[in-house]
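# Breakdown of the fold
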Amino acid sequence: MSIPVTVKGLSRSFPSGETTIQAVQDVQFEVHQGELVAIVGSSGSGKSTLLSLLAGLDSPSAGGLWVLGQPLHDMSEEERALFRRQHLGFVFQSFQLFAEYTALENVLFPLELQGAVSYEEAVQTATALLSRLGLGDRLHHKPSKMSGGEQQRVAIARAFVTQPPILFADEPTGNLDNETGMVVEKLLFDLQRETATTVILVTHDLELAKKADRILEMSGGRLSERA
Amino acid sequence: MRGQQLRWLKRELRSLGSRVWIILLAIALGVGAVNGVHSLADSIRGAIQNQSRPLMAADIVNQSVHPFPEDYQNLADEYETSETKEMLSMVSNTKFESLLAEIKGVSPKYPLYGEVVLESGQSLDEQLSINSVVVQRTILKRLGLKLGETVLINGKPFTIRDVVESESDRVNVGMAAGPRVFLSLEALERTGLDQLGSRITRKLQWKVSEEQKSELVTTLGNLEEQHSFVTTQSSNRANPSTSRSINNSERFLGVVALMSLLIGTIGVVQALSNWLASRRNEIAIFRCLGMSRREITGLYVTVVLILGLGGFLLGIAFSYVGMSLLLEIVQPYIPIDIVLQASIWNWLSALVLGVGVSVLSTLPSIVSMTQVPASVVLQDGQDSYGGLRWYWYGIYGVVLFGTLYSQLQNLLWSAIALAVLCLIVGLVYALVYGIQTMLRRQKFRSWTLRHAVRNFASTAFGLRTAIVALTLGVTVIVSIGLMQDSLTKQIRNVSLTTAPTNFFVDIQPDQWAETKNLLQDNQIAHLQSAPVVMGRISKIKGVSVSKIVETKPDSERWAFTREQRLSYDVPIDVETVLNGRFDETTPDNGLCLETRYADRLGVTVGDALTFDIQGIPIEFEVSAIRRIQWESMQMNFFLVGTSETLLEAPQFRLAAGQLTEEGEESVQTGFAKTLPNVTVVSLRNIVERVSVILNSIALAIQTMGAFSILMGCIIMISSLQASLERRRKQFNLLSVLGSTQVEISKMVSTEMILTGFISGVLGSGLAWVCTWGLLRFVFRMQTMPSVVGTLLSAMLVTVCVALMGRWIRPGK
């Protein structure tokens, strides 16, 4: 099986007036199947930019990026969108749920997008997952009727429902209090272990990062492995 | 459509929330107004068409003010025909109490279609003879007569044989000058009314099969080329003057409908653009989760299509309700039964308009939104407004052009209207930009004032666009209000102070002295009189009229072929002369024309006009063009010559003046005794009836305008609310930082006052200019729009928008 993520000489720069900001500089690393890798760094270190590159949300200025053997750096924006649909899952700090969709509809959406199963099967899968995450009685509630922790659990359910080989999580507990954050954290890690999903987790929380298999540190746009 | 796409669609429609009603109403407003106007016009045309045979009492009718040439008489022998002669004349009892009546002499076969219903149940032919007449009951009542008694027509006695209850071809019931009197053609000849100056309308009615019709129409058309004073009308075509009236009314109402459509379009664009902007984050999530641009575009285009369809259906419903109400108002004045028709063509046009405007006007925003990068999902809290690329405004231009063309039906006018609209939009944008730039530089101590002014001057949250849209909306709404105010004032501005109560027609030249004495003995006030010479235009600028009218449509031929009334020695106010001069320096063959009539003929100062006056060609030179104020109800002539040329021409006299009701009765009796050929036309009743009709029309105009204004206000409110919604985070932040709700309300109110003031003043000012332009150049009226109304509108907008700031609050 190919290495899920391979990065070679990856760079991303942004023009800023007369200068250029090097948000990511010459990053190189690999992530293996089933690994939980944490990327840490202070604010402005470039970790969010690196995450957007790894997830195909943005394209690099230079370098190469292979995800599941596919050269993401060579793909067009539409090709990357289709790739994300089939192979990637996401959990965001601000949950990023569809405000007008119910919890069930939010979780159904990736399955509908993939179109691999029937609607009835999709509902079954989504319902089961939400129930598993303790939201069996909140299926038809909109995010505005839920607490932060519940919303993040819906987001996690949405991320895992298609059983993606790779999942990206950007500060998944950043908007939650300690207690709720720990609950969410546990759920995330439990699901990751059960499904052997490769997870790349971006966080500034070192305590959370220590629970990962590996820690990579971003500083000034450069990446290094943390012991 | 696949199930999942339907589900996505349903969810997106759900996300619209209450906005969906504003969007539907905005689309419905434009669609409803446009469909309603055209459906009503089509229904009226259709009713006339369907009922044209009984209305005309024939398949084909020839009309002439002169006796029909022999060609027509010979042709008539080959077909089934009837003949009528109609005119106004006084009728009196033996005590010489008189009233004005509509006299109609008929041949035995009249009517060929429809019927004249008599009280006795007998036919008209059975009751008429050389000594008998059939009258409307009003004559019996007003003159105190009974059946079998004598009525005098031009001093000749006739026995009243029967009472007419209805006649199918009398179309001017609401505006009839007097009650009907039927008599045979021989009896009409006996009255001696058919003489120089009497205005007899002669008609020859033909009854033919469908197979014979086209051949006969062709033959009559050929005859018309030789005898241009005869007109031909067939039951397949509506009466040209009726067509003209319907077309003009449709055009006027179409302008109001167009303005409604513009308000609707502004509302649709604003509401949908704001909604799409609010979906920016969701669209980023779609992109992040792997939805393609094509799928996103397809989804939102389908949403807009459905909204357009919903708006169309609602608009159709509105239009039929609205037009039914309008019909209730106008039906009493139209003697044919009109049923609102559903025209597939109108519906299709409305559908294309509703759906097309919705989709095309939001396409730029939809496509712009699909450019939202997926990485936005990682930019928590940032809500920058993505504007449109400049080339997308071309699509708005296309949409506007299409909308304008759909109403104006003329490429040049549509292009001009679009240019004017673009100019207005550009001007408003530049003014708002300038004001914002100026305000941004100001410094204020009070933070609420500072924030309010900065917010107003902000380029974020689409505020500038919202202010421009609000200003444009105010411009359109206030324009409708000013226009209807000007038009209804014009309608009501019939000056009765010096306006005559009576006209006196058919006065022979040798009768003038006696007439004048009779009138002065009865204390007539503001007496006017003028000689009238009848003639027909035979050449214009050396070209024969019969050649000119070959290329003219029916609706325009009347200006060239009708019998003209020329006058001389009438006062002409120099203020009303627009071009040239008409004074002591005018040559003997000088002629002064009314401006619109001159335009119809295509002549100007210096051009030659040749008239046929009783067989003698007389060439005139156009010396002056003038404007006539018809609403003054003074005696006015389209054509005024000089006494040097017209003094010796065969003529009669026309007079007008003010009489009391007693004086009018005494004068009528006097004329009936000594000058029975003189017709006394009382304007009292006519003015009253016209006033009732015009009030109804004014009501119809105001109703349409009020509806558009109301809808426009709803749309503008939603536009402002959407703008406030997008600043929810700002308000929450202020609250978190310690501002009280009172302070935030004060800030919002100040901002709304500023917005309302700028939009109100700019919008109302522009409205005044637009209304002036429309009145002056489209409706050719000299009326100035109300300045007080404009100022009041500006104040009203300021107050309303300011109050909105108190009531509309974004949710937490």
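Below: a short report on this structure. (Residues numbered from 1 in each chain as written. Chains lettered and ligands numbered in written order. Predicted model: local features only at pLDDT ≥ 70, side-chain atom pairs only at ≥ 80, totals over all residues. Heavy atoms only, no water.)

### Here's the deal with the overall build of chain A
Each helix and strand counted, chain A has seven helices and 10 strands in total. A total of 227 residues make up chain A; the buried ones form 56% of that total. The contacts in chain A between residues at least 6 apart in sequence include a share of 70% that link residues at least 24 apart. Taken as a whole, chain A presents about 9600 Å² of accessible surface, with 47% of it coming from carbon and sulfur. (Helix = DSSP H or I, 4+ residues; strand = E, 2+ residues; numbered from the N terminus. Buried < 20%, exposed > 50% of the residue type's maximum accessible area, 1.4 Å probe, protein only. Contact = heavy atoms within 4.5 Å. Areas by Shrake-Rupley, 256 points an atom, 1.4 Å probe, with all protein chains shown as cover.)

### Details of the nonpolar core
In terms of nonpolar packing, the biggest core is built from 85 residues, with L50 and L54 of chain A together with F286 of chain B touching the most fellow members. For this core, the element with the most residues is helix α11 (residues 293–330) of chain B, which contributes 13 residues. Ignoring sequence-local partners within four residues, the contact set of L50 of chain A consists of L10, V24, V27, F29, I39, M218 and L223 of chain A. Counting residues in each nonpolar core, the second largest holds 40 residues, with A103, V154, L187 and F189 of chain A among its members. (Core = buried A, V, L, I, M, F, W, Y, C linked by side-chain atoms within 4.5 Å.)

### Digging into the side chain of R279 of chain B
For R279 of chain B, the position within the fold is in the loop between α9 (240–278) and α10 (280–289). Sequence-distant contacts of R279 of chain B, that is, excluding residues within four places in its chain, are made with E100 and Y101 of chain A together with E12, S15 and Y300 of chain B.

### Considerations on the packing of aromatic side chains
All chains considered together, the criterion is met by 17 aromatic pairs over all chains. Here F98 of chain A and Y101 of chain A contribute two aromatic rings whose centre-to-centre distance is 4.7 Å and whose plane-to-plane angle is 40°, an arrangement assigned as tilted. A single burial state applies to F98 of chain A and to Y101 of chain A, both of which are buried. Ring centres of Y110 of chain B and F182 of chain B lie 6.2 Å apart, and the angle between their planes is 40°; on these two criteria the pair is classed as tilted. Linking Y110 of chain B in the loop between β3 (98–106) and β4 (116–118) with F182 of chain B in strand β8 (residues 180–184), this pair joins segments that are 72 residues apart in sequence. By relative accessible area, which is 0% here, F182 of chain B ends up buried. (Phe/Tyr/Trp six-rings, centres within 6.5 Å; stacked < 30°, edge-to-face > 60°.)

### Observations regarding a nonpolar patch on the surface
Residues and elements named next belong to chain B. Together, L408, L412, W413, I416 and V420 give the surface a local cluster of nonpolar side chains, amounting to about 470 Å² of exposed area. Among the elements that make up the nonpolar patch, the one with the highest residue count is helix α14 (residues 411–440) (four residues). With respect to the helices and strands, the residue V420 is situated in helix α14. Taking relative accessible area as the criterion, V420 reaches 41% and is therefore assigned partly exposed. (Patch = residues over 30% accessible without salt bridge, like charges linked within 9 Å, V, L, I, M, F, W, Y side chains within 5 Å. Salt bridge = Lys/Arg side-chain N within 4 Å of Asp/Glu carboxyl O.)

### A word on the pattern of salt bridges
According to the stated counting rule, one finds 32 salt bridges over all chains in the structure shown. Residue R12 of chain A pairs with D58 of chain A through a salt bridge whose shortest N-O separation is 2.9 Å. Here D58 of chain A lies in the loop between α1 (47–54) and β4 (62–67) and R12 of chain A lies in strand β1 (residues 5–16), a separation of 46 residues in the sequence. Residue R536 of chain B pairs with D612 of chain B through a salt bridge whose shortest N-O separation is 3.8 Å. Here R536 of chain B, found in strand β12 (residues 525–540), pairs with D612 of chain B, found in strand β17 (residues 608–613); they are 76 residues apart in sequence, far enough to count as distant. The buried category is assigned to R536 of chain B, whose relative accessible area is 16%. Connected through shared salt-bridge partners, E86, E102, K104, E167, R180 and K203 of chain B make up one network.

### Points about the pairing of strand β5 (residues 132–136) of chain B
Residue and element names in this part refer to chain B. Counting buried positions along β5 yields four of five residues, so the element is predominantly enclosed. Note: β5 against β8, three bridges, orientation antiparallel. The partner of V135 across the bridge, within β8, is V181. (Pairing = 2+ DSSP bridges.)

### A word on the sheet that holds β4 of chain A
All names here are of chain A. Within the open sheet, the four strands sit side by side as β2-β1-β4-β5. Their pairing is antiparallel. A single partner strand is all that each edge strand has here, and the edge strands are β2 (19–31) and β5 (70–71). By the bridge criterion, two bridges tie β4 to β5 in an arrangement that is antiparallel. Counted as the bridge partner of W66 is P71 from β5.

### Structural notes on the interface of chain A and chain B
On the side of chain B, 27 residues touch chain A, which itself brings 29 residues to the contact. Across the interface of chain A and chain B, roughly 2700 Å² is buried in total on both sides, 53% from carbon and sulfur atoms. When the buried area of chain A at its contact with chain B is split by residue, Q96, Y101 and E112 of chain A rank highest and sum to 20% of it. One can count nine salt bridges joining chain A with chain B. (Buried area = accessible area lost by both parts, 1.4 Å probe.)

### With respect to the sheet that holds strand β7 (residues 166–170) of chain A
Strand pairing in a sheet takes place through backbone hydrogen bonds and is either antiparallel or parallel in direction. All names here are of chain A. Taken in spatial order, the six strands line up as β6-β7-β8-β3-β9-β10 in an open sheet, and their pairing is mixed. Only two strands of the sheet have a single partner each, and these edge strands are β6 (88–91) and β10 (222–226). Sheet twist, expressed as the average angle between the axes of neighbouring strands with direction ignored, equals 20°. Here β6 pairs with β7 via four bridges, running parallel. Note that in β7 the partner of F90 across the bridge is F168. Seen against the sheet, helix α2 (residues 77–87) touches β6 and β7 and runs at an angle of roughly 85° to β6. (Axes fitted to C-alpha atoms, helices over the stretch in contact; angles between N-to-C directions.)

### Structural notes on α14 of chain B
Residues and elements named next belong to chain B. Taking 1.5 Å of rise per residue, 30 residues should cover 44 Å, and α14 covers 42 Å from first to last C-alpha, within 8% of that figure. Among the residues of α14, those classed as buried are S414, L418, I424, V428, V432, I435, Q436, T437 and L439. With a side-chain oxygen lying 2.9 Å from the backbone nitrogen of L412, the N-terminal cap of α14 falls on N410. (Expected span 1.5 Å × (residues − 1). Polar contact = N/O pair within 3.5 Å; in protein donor to acceptor, adjacent residues only side chain to side chain.)

### Overview of unusual backbone geometry
Here the amide bond leading from Y110 of chain B into P111 of chain B is cis, since omega sits at -5°, within 30 degrees of zero. You can see P111 of chain B is positioned in the loop between β3 and β4. One non-glycine residue, A196 of chain A, lies in the positive phi region at around 55°. For A196 of chain A, the position within the fold is in the loop between α6 (178–195) and β8 (198–203). Residue A196 of chain A is classed as partly exposed on the basis of its relative accessible area of 39%. A positive phi angle, near 55°, is found at N154 of chain B, a position not held by glycine. Judged by its relative accessible area of 10%, N154 of chain B falls in the buried class.

### Looking at the environment of G756 of chain B
Among the secondary structure elements, G756 of chain B is positioned in helix α25 (residues 741–778). Separated by 45 residues in sequence, G756 of chain B and V801 of chain B place their C-alpha atoms 5.1 Å apart.

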